[in-house]
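Given next are the chains, with one letter for each unit.
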Amino acid sequence: MDSLAAVDWAAYEQQALSAISGDALEDARVKYLGRKSELAQALRGVRDKESGMLLNGVKARLEAAVTAREHQLELAARRAAADSGVDVTIPGTPVTRGRLHLLTQIRREIEDIFLGMGYEVWDGPEVVTVWENFDALNTDQGHPSRSKLDTFYLDDDTLLRTQTSPDQIKAMLTRTPPIYMVSPGRVYRRDTPDATHSPTFQQVECLAVDRGITLADLRGTVQQYFRQLFGPDRDVRMRTSFFPFTEPSVEFDVTCFLCDGRGCAVCKHSGWIEMGGAGWVDPDVFRTVGLDPDDWQGFAFGFGIERIAMLRHGLPDLRAFWENDVRILGQF
Ligand code: PHE
């Protein structure tokens, strides 16, 4: 090609090297090595080995010179910065990434488990009527939980819910059975905070209303829930209990996942861990929401959420959840 013959490549290389050693490094690179440079054009036209070797040699030497010059300029820039009092070698301030609160993580996990079993996830209000929190749930006038010493009343008719069970009532009033719902959320009770008591904590309510379901379905559902949370070898048991809105009422225990039921400090050497209340929807509750108890059956349970986090991570103090010390919360 013409340019190959026309160009004095030794002179080209000298000019390029001197331009590269100047301050306008990028301009020099574009001019002598860029796509439109004489060198690049000549290389595209090369047909014989000898010219190829000659031009590739020029190219390799110029590229090496550019790299070397880059390092030199960078070093000079750092020195200049250091002289001006800026030390570019000091590590930057790390930007810490935010994360979901441990209880939010667990709540979402619980929602996932129930979604997987075909349940609908609800988010009920924390301010409810006295009727929803107590009357509709068959709780008689003299029940101690109604006391102003135990419950945060906003006025005579409204309060901060003491349990997620009012969502059962809302679900049955607004849905036509069959109903399969879970509702996780915050509840409030007057309590002096300590390691195991808190004026606010979270529960997950579960309600199933259908035809032809039995206590075995309740047991199976709870077992599946705990197996997903604590591992496939967990077993559950029911103990008789009392709640005004379920009959019969039970308390669920799960085999200790730390000692496998052999007995340890976490399960207080019983092999079982208490998880919360459950039961068979009381016919009176069905009547209150306008469902025929001869036609429909149902079960419900309400289990604590903090407890799951505490057991799983060996957390000794409930207060850690709302004191919001990122040194603790950041570990999960
Ligand atoms: N609401 C009850 C509690 O707070 C738990 C519960 C829910 C019991 C549903 C039975 C059925 O202790």
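That block above? That's the structure.
Treat the numbers as computed from the prediction; the structure is a model and nothing was measured.

**Observations concerning the site of the ligand**
As a matter of local geometry, the ligand sits amid 14 residues, with Gln 163, Ser 165, Arg 189, Gln 203 and Gly 302 nearest to it. Between the ligand and the protein, one listed contact pairs a nitrogen atom with a side-chain N or O atom of Gln 163 at 2.8 Å. In the model, an oxygen atom of the ligand is placed 2.9 Å from a nitrogen or oxygen of the Arg 189 side chain. Within the complex, the protein chains bury 91% of what would otherwise be the 330 Å² of accessible surface of the ligand.

**Some thoughts on the side chain of Glu 132**
Structurally, Glu 132 can be placed in helix α7 (residues 130–135). Among residues more than four places away in sequence, those in contact with Glu 132 are Leu 137, Pro 166, Ile 169 and Lys 170.

**Side note on the side chain of Gln 223**
Position of Gln 223 among the secondary structure elements: in helix α9 (residues 215–230). Setting aside its immediate chain neighbours within four residues, Gln 223 contacts Asp 235 and Val 236.

**Points about α9**
Relative to the 22 Å expected for 16 residues at 1.5 Å per residue, α9 spans 22 Å between its end C-alpha atoms, a close match to the ideal helical length. Among the residues making up α9, those that are buried are Leu 218, Thr 221, Val 222, Gln 223, Tyr 225, Phe 226, Leu 229 and Phe 230. Backbone geometry just downstream of α9 places Gly 231 in the positive-phi region, at approximately 115 degrees.

**Some words on the nonpolar core**
Most often, soluble globular proteins have nonpolar side chains that are buried together. The biggest cluster of nonpolar side chains holds 43 residues, and the ones touching the most others in it are Ile 110, Tyr 225 and Phe 226. The residues contacting Phe 226, other than those within four sequence positions of it, are Gly 231, Arg 234, Val 236, Val 254, Met 275 and Phe 303. Formed by 18 residues, the second largest nonpolar core is a distinct cluster that contains Ile 169, Met 172, Leu 207 and Val 285.

**Quick look at the packing of aromatic side chains**
Using the criterion set out here, one finds 15 aromatic pairs in the structure. On the basis of an interplanar angle of 80 degrees and a centroid distance of 5.3 Å, the ring pair of Tyr 12 and Tyr 32 is categorised as edge-to-face. One end of the pair, Tyr 12, is in helix α2 (residues 9–20); the other, Tyr 32, is in helix α3 (residues 25–33), with 20 residues separating them in the sequence. Feature note: the residues Phe 114, Tyr 119, Tyr 180, Tyr 225, Phe 226, Phe 230, Phe 252, Phe 257, Phe 301 and Phe 303 constitute an aromatic cluster, connected by ring pairs. Note that Lys 148 overlies the ring of Tyr 153, its terminal NZ or CZ placed 5.1 Å from the centroid. The ring of Trp 296 is capped by Arg 211, whose NZ or CZ atom sits 3.9 Å from the centre of that ring.

Rules used throughout
- Residues numbered from 1 in each chain as written.
- Predicted model: local features only at pLDDT ≥ 70, side-chain atom pairs only at ≥ 80, totals over all residues.
- Heavy atoms only, no water.
- Near = heavy atom within 4 Å.
- Polar contact = N/O pair within 3.5 Å; in protein donor to acceptor, adjacent residues only side chain to side chain.
- Areas by Shrake-Rupley, 256 points an atom, 1.4 Å probe, with all protein chains shown as cover.
- Helix = DSSP H or I, 4+ residues; strand = E, 2+ residues; numbered from the N terminus.
- Contact = heavy atoms within 4.5 Å.
- Expected span 1.5 Å × (residues − 1).
- Buried < 20%, exposed > 50% of the residue type's maximum accessible area, 1.4 Å probe, protein only.
- Core = buried A, V, L, I, M, F, W, Y, C linked by side-chain atoms within 4.5 Å.
- Phe/Tyr/Trp six-rings, centres within 6.5 Å; stacked < 30°, edge-to-face > 60°.
- Lys NZ or Arg CZ within 6 Å of the ring centre and 35° of its normal.

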